[in-house]
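Understanding the architecture of this molecule
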Amino acid sequence: MIARETFLALARRYGTPLFVYDGDLMLERYADLFRFIPADSLRIHYALKANYNPALLSLLRDAGAGIDAVSPAEVELALAIGFAKDRIIYTANNMTDAEFAKVMGTGVTVNIGSLSRLKKCAREFPGRRICLRFNPDVRDGDSAMTMTGGDLTKFGILLDCADEAAAIAASGGLHVTGLHEHTGSGLQHAESVLQSMDNLMGIATSARFPELEFLDFGGGFKVPYRDDEPRIDYVDMGGKIAAKFAAFCAGYGRKLLMRFEPGKYLSAECGTLIVEVNTIKHNRSRVIAGCNSGFPQLIRPVLYGAYHKIVNLSNPDGRPAVYDVCGNICETGDRFAEQRELPEIREYDLLAIGNAGAYCYSMGSVYNLRPMPAEVVVKGGEVFDFRPAESDTELVNRVLDRGKGR
Ligand code: LLP
C-alpha cells in the first residue's frame, strides 16, 4: 500500500493529474492466484487491455506471467516487452483477414471465436495449431456491458456447435490444442466460474478434441471497489477450481495446463489517479469540486456507472460534506462521483481516485485535446518507472503530423 505522504510527494515531484501504480501490490495479486488455486499446472495470462504500462508488463514478465492480447498491436507490444510467443494468446473478435494472417505469422496462439473464422483458417492455414473460444452460456459480470456469456453477445462459438467446430478443424488438419471461455468482467458469483468451467469441460472430450494441451477459463476475478464490498473467498473457490480441473484431466486421460486471464484482479487495485481540485462552486443544491482531469482519463464512472473510491489526500480529517466531483470536460456527465460525502474539499486539495489501475489509462483518450496524464510505477518504496505526459504542443504536433504525406 502506498502511503498518503508518498502520494503527496509524488504529486509534488511530477505534478497532476498523475497515475500512480503500486508494482508490489500487482505482484502480490499475481502471487495470490497461485495461492488460491492449488494446481501446479496453473498459468496466468494477464489481460493486457486492462493496463499496458510497459513497466508493469515487465514486472509481470519477470514473475512468469503470460499475456492475453486482443489486437495485433497488443501482440506486438507483448513480444517487444519480451513475453515468449508461446506465453501469448490472441483473442480478438471480429478480426479482419489481414489481422488474422499477421498474428498467425508471429507464431502466437490464435484463439478463434467463430465458425466463419475457423473455416477460413482451415482453408488458408491448414495443419496449424489453434485454440477455440466457446461461449460458456453463463451470464455474470459487474455491468451488462461486460458480460460476455450467453447468445445475446457476440463472443465465442456456441457450445451446441462443438461437433461442427471439431469437424471444420479436422477438415483443415488443424490441431486444436486449447479451448477457451470468458464469462465476463467483475464476476459477482463464484459459482459462475465453476459453472462456466463445467460447461467448457463438458464439450472438451478426448473423442472430440484429442490434442488438447490447455483449457483457458478467461478472466473476471472481481476486486472490491467500495469499502463495504466484501472480498470473494477465492481460497474456497480456488480449491474447488483445482479439484474440478484435476477430475477433468483424469477423465480426459492427460494432465492439461489450466489458464486464467485476469486483468482487473492484477491491476485494478494497484492504480490511483491523483487529481487537483481547482474550483469549488456552490450551486443551489450542490457543491461542485472541479478537478484538473476528466472522464477521458478515467471513464468507468461515466461509461458503466462504476464507483471509484475517492480520498482527500490534502485534508483527510476535514469536516465531511457532500460533493459532485467533476472533471474539466465540456459535458455534464463528466463526474468522477456524484453526491459523495468526503472530508471538506478546498481549492488546491489533491484527491486520490482509487482502483484506477485497470481499464482507466488503457481506455483513455485525448478528447478535448487534453493529453493523458503521466504515469509512475512505485516498487520497494522507490520510483521504478516514470512516463511523462505528452505536452500540449507534442499532442498538437501529433495531430498535425498525421495529415502529412496525404
Ligand atoms: N479474457 C477475455 C477474453 C476478456 O475479454 C477479458 C476482458 C479478460 C480476459 C479480462 O477480464 P478482467 O479479469 O479484467 O475482468 N472495461 C471494462 C472491462 C472490460 C473487460 C473486457 N474483457 C471495465 O472497466 O469494467
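Residues numbered from 1 in each chain as written. Predicted model: local features only at pLDDT ≥ 70, side-chain atom pairs only at ≥ 80, totals over all residues. Heavy atoms only, no water.

Contact geometry for helix 5 (residues 97–104) and helix 6 (residues 115–124): axes closest at 12 Å, N-to-C directions at 55°. Regarding the angle of helix 5 to helix 6, the classification is oblique. Both helix 5 and helix 6 take part in a crossing whose hand is right-handed. Residues Asp97, Phe100 and Met104 of helix 5 form the contact with helix 6, whose participating residues are Arg117, Lys120 and Cys121. (Axes fitted to C-alpha atoms, helices over the stretch in contact; angles between N-to-C directions. Helix = DSSP H or I, 4+ residues; strand = E, 2+ residues; numbered from the N terminus. Parallel < 35°, antiparallel > 145°, perpendicular 65-115°, else oblique. Left-handed = near helix turned anticlockwise from the far one by under 90°. Contact = heavy atoms within 4.5 Å.)

Let us now look at the site of the ligand. Inspection of the region around the ligand gives 19 residues, with Ser185, Glu261, Lys264, Arg300 and Tyr359 positioned closest. Taking Gly263, its main chain carries an N or O atom lying 2.8 Å from an oxygen atom of the ligand. Contact distances for the ligand include 2.6 Å between an oxygen atom and a side-chain N or O atom of Tyr359. Considering only residue class, the shell around the ligand consists of five nonpolar, eight polar and six charged. (Near = heavy atom within 4 Å. Polar contact = N/O pair within 3.5 Å; in protein donor to acceptor, adjacent residues only side chain to side chain. Nonpolar A, V, L, I, M, F, W, Y, C, P; charged D, E, K, R; others polar.)

Turning our attention to unusual backbone geometry. In most cases, non-glycine residues show a negative phi, while peptide bonds are predominantly trans. Cis rather than trans, the peptide bond between Thr16 and Pro17 has omega equal to -5°. You can see Pro17 is positioned in the loop between helix 1 (4–14) and strand 1 (18–22). Despite not being glycine, Asn355 has its phi angle at roughly 50°, a positive value. Within the fold, Asn355 resides in the loop between strand 16 (350–353) and strand 17 (374–379). Take Asn355: its relative accessible area is 11%, and that puts it in the buried class. (Buried < 20%, exposed > 50% of the residue type's maximum accessible area, 1.4 Å probe, protein only.)

What follows deals with the pattern of salt bridges. Counting across every chain of the model gives 26 salt bridges. The shortest N-O distance in the salt bridge between Lys255 and Asp40 comes to 2.9 Å. Of the two residues, Lys255 is situated in the loop between helix 9 (234–252) and strand 10 (257–260) and Asp40 in the loop between helix 2 (23–36) and strand 2 (42–47); the sequence distance between them amounts to 215 residues. Here Lys255 falls in the exposed class, since its relative accessible area comes to 59%. Classification of Asp40 by relative accessible area gives exposed; the value is 65%. Residue Asp227 is joined to Lys309 by a salt bridge in which the shortest nitrogen-to-oxygen separation is 3.1 Å. Remark: Lys309 occurs in the loop between helix 11 (300–304) and strand 13 (310–312) and Asp227 occurs in the loop between strand 9 (214–216) and helix 9; sequence separation between them is 82 residues. (Salt bridge = Lys/Arg side-chain N within 4 Å of Asp/Glu carboxyl O.)

We now examine the nonpolar core. By size, the foremost hydrophobic cluster in this structure holds 111 residues, and its most contacted members are Ile37, Leu132, Phe134, Leu179, Leu215, Phe245 and Phe260. Here this core takes eight residues from helix 9, the largest share from any one element. In this view, Ile37 contacts Leu42, Phe221, Gly238, Ile241, Ala242, Met258 and Phe260; residues no more than four positions away in its chain are not counted. Formed by 15 residues, the second largest nonpolar core is a distinct cluster that contains Phe7, Leu8, Leu10 and Val378. (Core = buried A, V, L, I, M, F, W, Y, C linked by side-chain atoms within 4.5 Å.)

With that settled, the discussion passes to the pairing of strand 2. In terms of burial, strand 2 is largely enclosed, as five of its six residues are buried. Bridge analysis of strand 2 against strand 10 gives three bridges, and the strand direction is parallel. By the bridge assignment for strand 10, Leu42 is matched with Met258. In terms of handedness, the path from strand 2 via helix 3 (residues 54–63) over to strand 3 (residues 66–69) forms a crossover that is right-handed. (Pairing = 2+ DSSP bridges. Right-handed = clockwise from strand over helix to strand, strands pointing away.)

Attention now moves to the packing of helix 8 (residues 190–203) against helix 9. Relative orientation of the contacting elements helix 8 and helix 9 amounts to 10°, with a least axis distance of 10 Å. Relative to helix 9, the element helix 8 lies roughly parallel. Contact with helix 8, carried on its side by Ala190, Val193, Leu194, Met197, Asp198 and Met201, involves Met237, Lys240, Ile241, Lys244, Phe245 and Phe248 of helix 9 and no other residues of that element. Of the residues that constitute the contact of helix 8 with helix 9, the class distribution is nine nonpolar, no polar and three charged.

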